[in-house]
Amino acid sequence: MIDVQNQPDARGIKIQRTGVTKVHLPFFIADAGKVQQVAAQIRFTVALAENLRGTHMSRLAEILTDWTERTLTIPDVEKILLDALEKLSTDFAAISIAFKFFVKKFSPVSNKTSLSAVDCEWIGELTCGSRMKFTLGLTVPFTSLCPCSKEISDFGAHNQRSICRVKLTFADADKLADVSTENFVRLIEAQGSAEIFPLLKREDEKFVTEAAYQNPKFVEDILRDIVTALRRVENLSSFAVECENFESIHNHNAFAGHEEFFSP
């Protein structure tokens, strides 16, 4: 059969990224020695030389399918990208693996066990001859309570669910085995007024409500606390943080964002 995609192209344009998106596959994700099965949505791309008409997208699907039977760690993402460089004869490959990451939570008083789902994304980029650039993306929920509302009210204060979106890029690919997704989730959620729990008994609800009341924070307070915490993390080359409060007494949300880059 004629290989149309392997025909030459004369327009002189090297395509930076071409491949497959919205690929849905099950993966066994390992984090700090714990393994959980997730349903992942994947974007997998490579660079295409200027003289080639199309890339071999079926080879990308083959690489991904092979990994559904194996346990995937963050350092293994580089193996996927190296495989793509070789099998597609390219000098650049990138992948995004997005999934729900589950963190075990214990209700603060009753000690009931539950699982909290966090949006997680593993992003890897690899240029031929270099090491992988890895970015961890997280969207972490928590409770915030308004300091102004507490100060001016005779009783009570408005609170709401909030989220923090972070993207953490790491400097040294040799140290990626030390990265714990769960530890970053817990670090971020600890900066809110109170944690969110999937399972609360009455005594837990009392505890969480009072904990938030005793720890009021504006969206700017939460953002600054997260930035301060991330500055203490080793092996980061950059981070970007966005905090958003889904306001309970306004028809708008409160927002704050910040990013930093560190010298190599």
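You'll find the structure just up there.
Residues numbered from 1 in each chain as written. Predicted model: local features only at pLDDT ≥ 70, side-chain atom pairs only at ≥ 80, totals over all residues. Heavy atoms only, no water.

Examining the overall build of the chain
In step 1: Helices and strands together make up the secondary structure of the chain, namely six helices and nine strands.
In step 2: The C-alpha extent of the chain, read off along each of the three principal axes, is 80 × 35 × 35 Å.
In step 3: Within the chain, the fraction of its 264 residues that count as buried is 45%.
In step 4: Pairs at least 24 apart in sequence give 66% of the contacts found in the chain among residues at least 6 apart.
In step 5: Surface exposure of the chain reaches about 14,500 Å², of which carbon and sulfur atoms provide 50%.
In step 6: The centroid of the 30 positive side-chain charges in the chain is displaced by 2 Å from the centroid of its 36 negative side-chain charges. (Helix = DSSP H or I, 4+ residues; strand = E, 2+ residues; numbered from the N terminus. Buried < 20%, exposed > 50% of the residue type's maximum accessible area, 1.4 Å probe, protein only. Contact = heavy atoms within 4.5 Å. Areas by Shrake-Rupley, 256 points an atom, 1.4 Å probe, with all protein chains shown as cover. Lys, Arg positive; Asp, Glu negative; His and termini not counted. Charge placed at Lys NZ, Arg CZ, Asp CG, Glu CD.)

Considering the pattern of salt bridges
In step 1: Within this structure, the stated rule accounts for 17 salt bridges.
In step 2: With its nearest N and O atoms 2.8 Å apart, the salt bridge here joins E78 to R131. You can see E78 sitting in helix α2 (residues 76-87) and its partner R131 sitting in the loop between β5 (113-127) and β6 (133-145), a full 53 residues away along the chain.
In step 3: Its relative accessible area of 44% is what places R131 among the partly exposed residues.
In step 4: Here E195 makes a salt bridge to K105, at a shortest N to O gap of 3.3 Å. (Salt bridge = Lys/Arg side-chain N within 4 Å of Asp/Glu carboxyl O.)

Side note on the nonpolar core
In step 1: Counting residues in each nonpolar core, the largest one holds 59 residues, and the members touching the most others are F44, W122 and L138.
In step 2: By size, the runner-up hydrophobic cluster in this structure holds five residues, among which are L145, A194, F197 and A212. (Core = buried A, V, L, I, M, F, W, Y, C linked by side-chain atoms within 4.5 Å.)

Let's talk about the sheet that holds strand β4 (residues 92-106)
In step 1: If you trace the nine strands from one edge of the open sheet to the other, you get β3-β1-β2-β4-β5-β6-β7-β8-β9, paired in mixed fashion. In this open sheet, the two strands that pair with only one neighbour each are β3 (71-72) and β9 (254-261).
In step 2: Strand direction decides the pairing type here: β5 and β6, joined by seven bridges, are antiparallel. Its bridge partner lying in β6, I123 is registered against T135.
In step 3: Lying on the sheet, helix α6 (residues 219-231) is in contact with β6, β7 (159-170), β8 (236-245) and β9; it crosses β8 at an angle near 160°. (Pairing = 2+ DSSP bridges. Axes fitted to C-alpha atoms, helices over the stretch in contact; angles between N-to-C directions.)

Digging into the layout of surface pockets
Unoccupied space between atoms shows up once a probe the size of one water molecule is rolled over them.
In step 1: Of the volumes computed, that of the largest pocket is approximately 250 Å³.
In step 2: F170, K175, D178, V179, S180, N183, F184, L187, V233, E234 and N235 are the residues that line the largest pocket.
In step 3: When residues in the lining of the largest pocket are grouped by element, the largest group, three residues, is from helix α4 (residues 181-189). (1 Å grid on protein atoms, 1.4 Å probe; cavity = no way out; pocket = protein on both sides within 12 Å on 5 of 7 lines; lining within 4 Å. Points joined across faces, edges and corners; volume = space filled by probe spheres on them.)

Focus on the packing of helix α1 (residues 57-66) against α2
In step 1: Between α1 and α2, the least distance of the axes is 10 Å, while the angle of their chain directions is 150°. In terms of axis orientation, α1 runs roughly antiparallel to α2. The way α1 lies across α2 gives a crossing that is right-handed. In this structure, α1 uses R59, L60, I63 and D66 to contact α2, whose residues at the interface are I80, D83, A84 and K87.
In step 2: Considering only residue class, the contact of α1 with α2 consists of four nonpolar, no polar and four charged. (Parallel < 35°, antiparallel > 145°, perpendicular 65-115°, else oblique. Left-handed = near helix turned anticlockwise from the far one by under 90°. Nonpolar A, V, L, I, M, F, W, Y, C, P; charged D, E, K, R; others polar.)

Topic: α4
In step 1: Listed in full, the buried residues belonging to α4 are T181, E182, F184, V185, I188 and E189. Buried residues in α4, looked at end-on, bunch into an arc of 160°, giving them a common side. (Arc of directions from axis to C-beta.)

Section: the environment of L200
In step 1: Note on placement: L200 falls in the loop between α4 and α5 (202-213).
In step 2: Along the sequence, L200 and T113 sit 87 residues apart, while their C-alpha atoms lie 9.6 Å from each other.

Description of the state of the cysteines
Note: disulfide means a covalent bond formed between the sulfur atoms of two cysteine side chains.
In step 1: Per the counting criterion, the structure on display carries zero disulfides.
In step 2: Not part of a disulfide, C120 finds its nearest cysteine sulfur in C164, a span of 13 Å.
In step 3: Classification of C120 as buried rests on a relative accessible area of 4%. (Disulfide = S-S within 2.5 Å.)

Read these as layout, nothing more, since geometry by itself doesn't imply function.
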